[in-house]
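Next come the chains, spelled out residue by residue.
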Amino acid sequence: KQEVTQIPAALSVPEGENLVLNCSFTDSAIYNLQWFRQDPGKGLTSLLLIQSSQREQTSGRLNASLDKSSGRSTLYIAASQPGDSATYLCAVIDNYGQNFVFGPGTRLSVLP
Amino acid sequence: DGGITQSPKYLFRKEGQNVTLSCEQNLNHDAMYWYRQDPGQGLRLIYYSQIVNDFQKGDIAEGYSVSREKKESFPLTVTSAQKNPTAFYLCASSNGGQGSYYGYTFGSGTRLTVV
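What counts, and at which threshold
- Residues numbered from 1 in each chain as written.
- Chains lettered and ligands numbered in written order.
- Predicted model: local features only at pLDDT ≥ 70, side-chain atom pairs only at ≥ 80, totals over all residues.
- Heavy atoms only, no water.
- Helix = DSSP H or I, 4+ residues; strand = E, 2+ residues; numbered from the N terminus.
- Rg over C-alpha atoms; globule rule 2.2 N^0.38 Å.
- Contact = heavy atoms within 4.5 Å.
- Areas by Shrake-Rupley, 256 points an atom, 1.4 Å probe, with all protein chains shown as cover.
- Lys, Arg positive; Asp, Glu negative; His and termini not counted.
- Charge placed at Lys NZ, Arg CZ, Asp CG, Glu CD.
- Disulfide = S-S within 2.5 Å.
- Buried < 20%, exposed > 50% of the residue type's maximum accessible area, 1.4 Å probe, protein only.
- Pairing = 2+ DSSP bridges.
- Buried area = accessible area lost by both parts, 1.4 Å probe.
- Salt bridge = Lys/Arg side-chain N within 4 Å of Asp/Glu carboxyl O.
- Polar contact = N/O pair within 3.5 Å; in protein donor to acceptor, adjacent residues only side chain to side chain.

Engineer: Help me get a handle on the overall build of chain A, residues and values and all.
Structural biologist: Along the backbone of chain A there are zero helices and eleven strands. What you see in chain A, going N to C, is helices and strands ordered as β-β-β-β-β-β-β-β-β-β-β. Relative to the 2.2 N^0.38 estimate, which gives 13 Å for 112 residues, the radius of gyration of chain A is 13 Å and therefore close to what a compact globule would have. Projected onto its principal axes, the C-alpha coordinates of chain A cover approximately 45 × 25 × 20 Å. Across chain A, the fraction of contacts at a sequence separation of at least 24, relative to all contacts at a separation of at least 6, is 55%. Working note: accessible area of chain A is about 5,100 Å², and carbon and sulfur atoms make up 49% of it. Across chain A, the mean location of the 8 positive side-chain charges is 3 Å away from that of the 9 negative side-chain charges.

Engineer: Break down the state of the cysteines for me, with residues and values.
Structural biologist: Per the stated rule, a full pass over the model turns up two disulfides over all chains. Linked covalently through their sulfurs, Cys23 of chain A and Cys90 of chain A form a disulfide whose S-S length is 1.9 Å. Measuring the twist about the S-S bond at about 75 degrees, one finds the Cys23 of chain A-Cys90 of chain A disulfide to be right-handed. Of this pair, Cys23 of chain A sits in strand 3 (residues 19-25) while Cys90 of chain A sits in strand 9 (residues 86-94), and the two are 67 residues apart along the sequence. The exposure class of Cys90 of chain A is buried, given its relative accessible area of 0%. Across a sulfur-sulfur distance of 1.9 Å, Cys23 of chain B and Cys91 of chain B are joined as a disulfide pair. One quick way to see it: the torsion about the S-S bond of Cys23 of chain B and Cys91 of chain B is about -75 degrees, and its sign makes the bridge left-handed. A residue pair is termed long-range when its members are at least 10 positions apart, and Cys23 of chain B in strand 3 (residues 19-25) and Cys91 of chain B in strand 9 (residues 87-94) qualify at 68 residues. This pair shows no difference in class: Cys23 of chain B is buried, exactly as Cys91 of chain B is.

Engineer: Kindly report on the pairing of strand 9 of chain B, identifying the contributing residues and their values.
Structural biologist: Residue and element names in this part refer to chain B. The buried count for strand 9 comes to eight of eight residues, which makes it a mostly enclosed element. Both faces of strand 9 are covered, namely the face carrying Ala87, Tyr89, Cys91 and Ser93 and the face carrying Phe88, Leu90, Ala92 and Ser94. Bridge count between strand 4 (residues 31-37) and strand 9: seven bridges; the pairing is antiparallel. Pairing of Met32 across the sheet is with Ser93, part of strand 9. Both strand 9 and strand 11 (residues 110-114) contribute to a ladder of three bridges, which runs antiparallel. Opposite Ala87, over in strand 11, you have Leu112 as the bridge partner. Sheet topology note: the strand 9/strand 10 (residues 104-106) ladder contains three bridges and is antiparallel. Looking at strand 10, one finds that Ser93 is bridged to Thr105.

Engineer: Any details on the interface of chain A and chain B? Residues and values, ideally.
Structural biologist: On the side of chain B, 22 residues touch chain A, which itself brings 23 residues to the contact. At the boundary of chain A with chain B, total buried surface from both sides reaches about 1,700 Å², with 51% on carbon and sulfur atoms. Our count for the contact surface shared by chain A and chain B stands at zero salt bridges. Linking chain A with chain B are five residue pairs in polar contact (both at pLDDT 80 or more), by the criterion used here. Going through the elements one at a time, strand 4 (30-38), strand 5 (44-51) and strand 9 of chain A are the ones with two or more residues in the side of chain A that touches chain B. Sort the elements by how many residues they give to the side of chain A that touches chain B and strand 4 of chain A lands first, with five residues.

None of this, on its own, says anything about what the molecule does.
The following block contains the structure:
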C-alpha cells in the first residue's frame, strides 16, 4: 500500500530565505504527483502537478522536482514571503490506483 | 469561472441526527471524491465516484453515504452511525479517468461540529 511522508512536519524561516520541502513515497510506480497549499480552515489549492514522465515543474517562485527511482519529490520555494505561510501537502497516485494518497503536510511559517 | 462549491461552510449536528453536505462542480469532471481531514492527520478518503450512478467506498466509509445522480453533484450524508463526525470535510473532482491525469481540484470545505 502506498504511503507518503513529508519532512519536516513544521518549518519556520525568516522572510527572503530559499527553502525546500520534502515528500517521500514508498511505491515508485506512480502515475503523477501533485503539490497543494492549504491555508487554515480553507480547501486545498493546487500548486504544481508533475506527470510520471516529467522531472520537474515550475510556477513563479515554486519549483517541484520528481525522482521516481528514489521515491522522492521536493518543492523549492525561492525568496519566501510571509504570504507563503500555509500547510503544503503532496499527493501521489500510482499506476494501479484510482485515487491520490496524501502526505500529512508541512506547516510553513515565514516570519517578516 | 469553473470550480467546486461546497455548502454549507459550517454545519452543526445534534447527536443521532443525519446531515448532508453539498458538493457541486461545473468543471465537467467525471470523477468526484470526499475526504475527511482531522487535526494532525492527513486527508482520508471516504467515498469516490468515477461516473454517474456509481460510487466506491474509500478507507473510512463507515457511517457515511453518498449518491451520484448527476455528473455535477456528489452529496455526502453523515449518518448517526458515524460516532465521531466532527471534522473538516473536503470535496474534490478530477478528469482523465484512472490516474487523474490532470490532478485534483478541491472545494473550500465544510466544517462539521457535533453539539
